[in-house]
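Architecture at a glance
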Amino acid sequence: MTKKQTVGVIGGGAWGSALAAAARHADNDVILWARNQQVVDDINNDLINHIYLPNIKLPQGIKATTDMSLLFDNVDSVLLVIPSQNLRQICQQIKPFIGGLPLAICAKGVERGTGALMSDIAAEILPDAKIAILSGPTFAKEVANGLPAAVTLASHDKIAGKQLINAIGSAKFRPYLSDDIIGVEIGGAVKNILAIACGIVTGRKLGDNARAALITRGLSEMARLSIRLGGKIETIMGLSGLGDLSLTCSSPQSRNMSFGIELGQGKSVQDILDSRIAVTEGVFSALSVNDLAIKLDIEMPICHAVNQIISNEADIDDSINKLLSRPFGSE
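Given the structure is predicted, the values throughout are model-derived calculations rather than measurements.

1. Quick word on the overall build of the chain
Looking only at helices and strands, the chain has 16 helices and eight strands in total. Relative to the globule expectation of 20 Å for 331 residues, the C-alpha radius of gyration of the chain, 19 Å, shows essentially globular dimensions. The principal-axis extents of the C-alpha atoms in the chain amount to approximately 60 × 40 × 35 Å. Of all 331 residues assigned to the chain, the portion counted as buried reaches 56%. In the chain, of all internal contacts separated by at least 6 residues, the share reaching a separation of at least 24 is 71%. On the chain, roughly 14,600 Å² of surface is accessible, and the fraction owed to carbon and sulfur atoms is 51%.

Structure follows, in structure tokens:
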């Protein structure tokens, strides 16, 4: 029988709330930190995150706070569930408290400006923490509602990895342990960019054939980048690669795909972002992934095209035509 834990969740968005629910379904106590006082009050009073995860009742036993030191008073493991571009700032904030606790990073992205992976940032600032990466094909609403899902949890420390699996794992939320941190991270970051591309295809009404081709060729781009950085092809073909790519490129529930759909329908990047309260990670990772590909001399034409469209450096139709005009090659 596994030991009951107190799990700290840092981040009061939809995914943070959903993972708090998963930890409760795993029969652990949960303390959730959020910056937004309204989110904290709503969870403590109503067990609903009205702002980011409305109309979904969270399980009893989740306590919320805006006091980071209070969260760390008695936790056994920590889930870091914040936007990727804020990771460095939050790691600095938790540095006085984290010590050697198991820490699962649940953000998907590559840092702008530095090209650093999330695990690199955490290792730099929190050298004693036992770092893991959690990623996979999940929509927050379904996880919060207790519907079945499976994810990958990657860690170089098997003991810490198993503790984190026990923190969130249950019959309906199934984490699979991996030692390939790089592969899991690249899968999560690149799939967001490819989901935007699939959304553009959908918004432009280019058909299911085009979307399937884009997913497949995009998977090749993901694999090339991961392998160059030391990741494993098996990881890219697993839950955090192909699994997550399939989900986010096939449903408007995905913030990245829905962003691409609106973009494909003619809306501007800024207008779409201004209409949203939640972060669309692919928008912010497109530049950093493209820069990383150029630095490493890796061919990633789909990711490059998405970055140019988002940066207003290229017209959507011109970008599509350039992709379709590329020379025929071997698969």
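Following the structure, the description resumes.
2. A few points about the packing of aromatic side chains
The description of two aromatic rings rests on the distance between their centres and on the angle between their planes. Summed over all chains, the structure comprises one aromatic pair. With 5.5 Å between their ring centres and 15 degrees between their planes, F72 and F97 make a pair best called stacked. With F72 in the loop between helix 3 (68–71) and strand 4 (77–80) and F97 in helix 4 (residues 87–98), the pair connects residues that are 25 residues apart, well separated along the chain.

3. Brief notes about helix 5 (residues 118–125)
Listed in full, the buried residues belonging to helix 5 are M118, S119, I121, A122 and I125. The buried residues of helix 5 occupy one face: seen down the axis, they fall within an arc of 160 degrees. Check the buried side of helix 5 and you find it contacts helix 4, strand 5 (102–105), strand 6 (130–135) and helix 8 (181–203).

4. Some remarks on the pattern of salt bridges
Per the stated rule, a full pass over the model turns up twelve salt bridges. Between R204 and D317 there is a salt bridge, with the nearest N and O atoms lying 2.9 Å from each other. Highlighted residues: R204 in the loop between helix 8 and helix 9 (208–229) and D317 in helix 16 (residues 316–324), separated in sequence by 113 residues. Classification of D317 by relative accessible area gives partly exposed; the value is 37%. Each of K4, R24 and D29 takes part in salt bridges that share partners, so that together they form one network.

5. As for unusual backbone geometry
Residue D27 is not a glycine yet carries a positive backbone phi of 70 degrees. By secondary structure assignment, the location of D27 is in the loop between helix 1 (14–25) and strand 2 (29–33). Overall, D27 belongs to the partly exposed group, its relative accessible area being 49%. Of note in this structure, K205 is not a glycine but carries a positive phi near 55 degrees.

6. Some remarks on empty space enclosed by the protein
If you walk through the whole model with that rule in mind, you get two cavities of 30 Å³ or more. Reported here for the largest cavity is a volume of approximately 40 Å³. Forming the boundary of the largest cavity are A107, K108, G109, I133, L134, S135, V184, E185 and G188. When the residues that make up the lining of the largest cavity are grouped by side-chain class, the tally is four nonpolar, three polar and two charged. A volume near 30 Å³ is recorded for the second largest cavity. For the second largest cavity, the full set of lining residues is W15, K108, L134, S135, G136, T138 and V151.

7. As for the layout of surface pockets
Put simply, the largest pocket is a space of about 1,100 Å³. Lining the largest pocket are 39 residues, with A14, W15, R255, A278 and V279 positioned closest to its centre. Broken down by secondary-structure element, the contributors of at least two residues to the lining of the largest pocket are helix 1, helix 6 (140–144), helix 8 and helix 12 (255–264). By residue class, the composition of the lining of the largest pocket is 20 nonpolar, 13 polar and six charged. If you trace the second largest pocket, you find 27 residues lining it, with R217, I302, L323, L324 and R326 closest to the centre. Tallying contributions element by element places helix 9 first for the lining of the second largest pocket, with six residues.

8. Thoughts on the pairing of strand 7 (residues 149–155)
Burial analysis of strand 7 places seven of its seven residues in the buried class, the great majority of the element. Judged by which residues are buried, strand 7 turns out to be covered on both faces: A149, V151, L153 and S155 on one side and A150, T152 and A154 on the other are all buried. Across six bridges, the pairing between strand 7 and strand 8 (residues 173–178) is parallel. Within the sheet, the bridge partner assigned to A150 lies in strand 8 and is R174. What joins strand 7 to strand 8 is helix 7 (residues 158–168), and the crossover it makes is right-handed.

9. Remarks on the sheet that holds strand 5
In space, the eight strands of this open sheet follow the order 3-2-1-4-5-6-7-8, with mixed pairing throughout. If you trace the sheet from one side to the other, it starts and ends with strand 3 (62–65) and strand 8, each paired once. Neighbour-to-neighbour, the strand axes of this sheet turn through a mean angle of 25 degrees, independent of strand direction. As paired elements, strand 1 (residues 6–10) and strand 2 share five bridges and run parallel to each other. Within the sheet, the bridge partner assigned to I10 lies in strand 2 and is W33. Along the sheet face, helix 1 touches strand 1, strand 2, strand 3, strand 4, strand 6 and strand 8 and points at about 170 degrees away from the line of strand 2. Across the face of the sheet, helix 11 (residues 239–248) comes into contact with strand 6, strand 7 and strand 8 while running at roughly 145 degrees to strand 7.

10. A short note on the side chain of S319
Considering the arrangement of structural elements, one finds S319 in helix 16. Given the relative accessible area of 5%, S319 is considered buried. Dropping the residues within four chain positions of it, S319 is found in contact with A305, I309 and A314.

What counts and how
Residues numbered from 1 in each chain as written. Predicted model: local features only at pLDDT ≥ 70, side-chain atom pairs only at ≥ 80, totals over all residues. Heavy atoms only, no water. Helix = DSSP H or I, 4+ residues; strand = E, 2+ residues; numbered from the N terminus. Rg over C-alpha atoms; globule rule 2.2 N^0.38 Å. Buried < 20%, exposed > 50% of the residue type's maximum accessible area, 1.4 Å probe, protein only. Contact = heavy atoms within 4.5 Å. Areas by Shrake-Rupley, 256 points an atom, 1.4 Å probe, with all protein chains shown as cover. Phe/Tyr/Trp six-rings, centres within 6.5 Å; stacked < 30°, edge-to-face > 60°. Arc of directions from axis to C-beta. Salt bridge = Lys/Arg side-chain N within 4 Å of Asp/Glu carboxyl O. 1 Å grid on protein atoms, 1.4 Å probe; cavity = no way out; pocket = protein on both sides within 12 Å on 5 of 7 lines; lining within 4 Å. Points joined across faces, edges and corners; volume = space filled by probe spheres on them. Nonpolar A, V, L, I, M, F, W, Y, C, P; charged D, E, K, R; others polar. Pairing = 2+ DSSP bridges. Right-handed = clockwise from strand over helix to strand, strands pointing away. Axes fitted to C-alpha atoms, helices over the stretch in contact; angles between N-to-C directions.

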